[in-house]
Amino acid sequence: MADCVTKVELSVSCSDLLDKDVGSKSDPLCVLLQSSGGDKWTELCRTERLMNTSSPSFSQRLRLDYHFETVQNLKLGVYDIDNSSVDLGDDDYLGGVELTLGQIVSSKTLTRPLQLKKGKPAGKGSITISAEEMKDNRAIELELEAKKLDKKDMFGKSDPFLEIFKQGDGGKWQLVHRTEVVKNSLDPCWKKFTVPLQTFCSSDLDKPIKVDCSDHDSDGSHDLIGSFTTKVSELQKAASGSLVEFDCIHPEKQKKKKSYKNSGVVSVKKCKLVTQYSFLDYVMGGCQINFTVGIDFTGSNGDPRSPNSLHFMSSDGMNQYLSALWSVGQVVQDYDTDKLFPAFGFGAKLPPDYQAAHHEFALNFNPTSPYCQGIQGVVEAYRMVLPQLRLSGPTNFSPIINHVASIASAAAQTNSASQYFVLLILTDGEITDFDQTRDAIVRASRLPLSIIIVGVGPADFKAMELLDGDNGVLRSTVGEAVARDIVQFVPFRQFKDAPLAALAQSVLAEVPNQLVSYFKMRGFEPPKPKDAPKA
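Residues numbered from 1 in each chain as written. Predicted model: local features only at pLDDT ≥ 70, side-chain atom pairs only at ≥ 80, totals over all residues. Heavy atoms only, no water.

Before going further, it helps to examine the sheet that holds strand 13 (residues 209-215). In space, the 4 strands of this open sheet follow the order 11-10-13-14, with antiparallel pairing throughout. If you trace the sheet from one side to the other, it starts and ends with strand 11 (173-178) and strand 14 (223-230), each paired once. Taking the axes of each pair of neighbouring strands and ignoring which way they run, one obtains an average angle of 25° across the sheet. Pairing analysis gives 5 bridges linking strand 10 (residues 160-167) to strand 11, with the strands arranged antiparallel. (Pairing = 2+ DSSP bridges. Helix = DSSP H or I, 4+ residues; strand = E, 2+ residues; numbered from the N terminus. Axes fitted to C-alpha atoms, helices over the stretch in contact; angles between N-to-C directions.)

With that out of the way, let us pick up the sheet that holds strand 20 (residues 357-358). As a general point, the strands of a sheet are linked pairwise by backbone hydrogen bonds and lie either parallel or antiparallel. Spatially, the 3 strands line up as an open sheet ordered 20-19-23, and their pairing is antiparallel. The strands lining the two open edges of the sheet, one partner per strand, are strand 20 and strand 23 (390-391). With 2 bridges connecting them, strand 19 (residues 348-349) and strand 23 associate as antiparallel partners. In the sheet register, Ala348 faces strand 23, and the bridge partner there is Leu391.

On to the environment of Gln320, then. By secondary structure assignment, the location of Gln320 is in helix 6 (residues 320-332). Residue classification places Gln320 among the buried residues on the basis of a relative accessible area of 18%. Those residues in contact with Gln320 that sit more than four places away from it in its chain are Leu310, Val456, Gly457, Phe492 and Lys496. Among the polar contacts listed, one links the side chain of Gln320 to the backbone nitrogen of Gly457, at a separation of 3.2 Å. (Buried < 20%, exposed > 50% of the residue type's maximum accessible area, 1.4 Å probe, protein only. Contact = heavy atoms within 4.5 Å. Polar contact = N/O pair within 3.5 Å; in protein donor to acceptor, adjacent residues only side chain to side chain.)

Side chains of Asp87, Asp90, Glu430, Asp460 and Glu465 sit close together on the surface and give a patch of like negative charge. Residue placement: Glu430 occurs in the loop between strand 24 (419-427) and helix 9 (434-444). We classify Glu430 as partly exposed; its relative accessible area is 44%. (Patch = residues over 30% accessible without salt bridge, like charges linked within 9 Å, V, L, I, M, F, W, Y side chains within 5 Å. Areas by Shrake-Rupley, 256 points an atom, 1.4 Å probe, with all protein chains shown as cover. Salt bridge = Lys/Arg side-chain N within 4 Å of Asp/Glu carboxyl O. Lys, Arg positive; Asp, Glu negative; His and termini not counted. Charge placed at Lys NZ, Arg CZ, Asp CG, Glu CD.)

A separate point is the confidence of the model for the protein chain. When pLDDT drops low, the exact placement of atoms in the prediction is not to be read closely. On average, residues of the protein chain carry a pLDDT of 89, and 96% of them reach 70 or more. When the criterion is pLDDT under 50, residues 531-535 qualifies, and its contacts beyond four places in sequence or with other chains add up to 0 contacts. (pLDDT = per-residue confidence, 0-100.)

It is worth spelling out the side chain of Thr230 at this point. With respect to the helices, strands and loops of the structure, Thr230 is situated in strand 14. The class of Thr230 is buried, set by a relative accessible area of 9%. When sequence neighbours within four positions are dropped, the list of residues in contact with Thr230 reads Lys207, Pro208, Ile209, Leu235 and Phe246.

A separate point is the environment of Val97. Position of Val97 among the secondary structure elements: in strand 6 (residues 92-100). As a C-alpha pair, Val97 and Leu74 span 23 residues in sequence and 8.3 Å in three-dimensional space. For Val97, the residues in contact, after removing those within four places along its chain, are Leu74, Lys75, Leu76, Arg112, Ile127 and Ile129.

A separate point is the packing of helix 8 (residues 398-412) against helix 9. Running from N to C, helix 8 and helix 9 cross one another at 15°; their axes reach a closest spacing of 9 Å. Classed by the angle they form, the pair helix 8 and helix 9 counts as roughly parallel. Crossing handedness for the pair helix 8 and helix 9: left-handed. Taking contact as the criterion, the partners of Ser398, Ile401 and Asn402 in helix 8 are, on helix 9, Gln436, Thr437, Ala440, Ile441 and Arg443. When its residues are assigned to classes, the contact of helix 8 with helix 9 shows 3 nonpolar, 4 polar and 1 charged. (Parallel < 35°, antiparallel > 145°, perpendicular 65-115°, else oblique. Left-handed = near helix turned anticlockwise from the far one by under 90°. Nonpolar A, V, L, I, M, F, W, Y, C, P; charged D, E, K, R; others polar.)

Attention now moves to the nonpolar core. Counting 56 residues, the largest nonpolar core has Phe297, Leu325, Leu363, Leu515 and Phe519 as its most contacted members. Apart from residues lying up to four places away in sequence, Leu363 is in contact with Ile295, Phe297, Ala343, Phe344, Gly345, Val378, Ala381, Tyr382 and Val385. Counting 31 residues, the second largest nonpolar core, distinct from the first, contains Val404, Phe421, Phe434 and Ile453. (Core = buried A, V, L, I, M, F, W, Y, C linked by side-chain atoms within 4.5 Å.)

With that settled, the discussion passes to the layout of surface pockets. By volume, the second largest pocket amounts to about 810 Å³. In terms of lining, the second largest pocket is formed by 30 residues, of which the most central are Ser11, Lys108, Thr109, Ser130 and Gln174. Every element with two or more residues in the lining of the second largest pocket is listed here: strand 1 (6-15), strand 8 (120-134), strand 10 and strand 11. Per element, the largest residue contribution to the lining of the second largest pocket is 6 residues, and it comes from strand 1. Among the residues forming the lining of the second largest pocket, the class breakdown is 10 nonpolar, 11 polar and 9 charged. (1 Å grid on protein atoms, 1.4 Å probe; cavity = no way out; pocket = protein on both sides within 12 Å on 5 of 7 lines; lining within 4 Å. Points joined across faces, edges and corners; volume = space filled by probe spheres on them.)

Next comes the structure, spelled out in structure tokens:
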């Protein structure tokens, strides 16, 4: 079982960033990476991208687990983003800083110069990082609207957005949330948003909160429309049906004009406190994680007897498929109570007749009970079956996805957070039924299921990256979008020389959030932990 660790949230701001864009300031984003051994780094999370600013304050906090017992080496990198791809390789690097989480946590807030590389400063650029331990699992859900805001644009109305700040130590205002911009409106209605209560007001319902309403300008010089201060206990009155509204006051205008009333009114449409459960809340409450393995035995892998084949066994009895299986499986099996893993192969012709290719056969050749005992059992079944198969094709993913989805669908009928399914597909990345697979994933996104695809070998994994959907929303053939992101793709070659744990960490990084997002979408609380048996 994973250790119960403290969650820490980092807030980041920078000043004097390098300007890489011609004629305007950079469009920065900050990425948090954690060392995974040697000179390898794994991305944990990133902030939003801000337009046209050399002194950004990011509202998206960076969350990570704080393990007291290990030194967590972190790197924060700031990039100028000029395209929509999620890959940072094609974006300008504005500088970074390397430090440990312990350093940040012990100094609460620290400012460091940004460096382009060791010993080479990034101009005058600096980064400020504050850390806060997350102890409160409540969040505030807010929906705000405004009426009769001042018109700030010459040829249209205003483009208003809100920035919400809490009062930090020493009375300084700290940004906790920035809404979207509503274009060309003096009566905007912003989308509902949820912020952890600790982030929003340090869990103090009477802590001063400041709200700035500004007109967005694409060159980054946003104009203030007006501000007001309040506290969560005030906002909460909206929950009981009271009218909660605030005059937006522009201090300069107020000084100049005796008759000045306001620059518009912001009102609270909805405010409620909700509990946000974590992955550990569900697992420790007794939610079972069921792990299924699917292995690609199609012809494109090469003849297993040839040393060039991805299925070729080296003298130590290992190959890339088994290395990937070991490293991911060892982490997942800790969460799987019965340690019985259904394991399937696809894309091979089977004995005795070797007729048509099978797209979902039990690795132990026992279709009524395809279970293997632990990861060791899956490895043994694989070694046993490999010499008896004829690799074939085509490469169809949808049958095995639909198979696990049908089991997940039956489990979902219990209407409780009792079971979640993870399907691990090991493949060389050639896929024939791309459209059927897309449709299967969109259907599965409404079920308690995550799909991890590990790409083995040197192929171009473009199709797998499309299924991962990180560059945009994956849609079915009829245009229906996934209900939530459930696919995580990782190319094994990136981890070939890294410690085994690094692959598992990267592959499984998204599963806890995917599990929580499913139960939250269904409105299911964690099961109540069973009482421990009396000794």
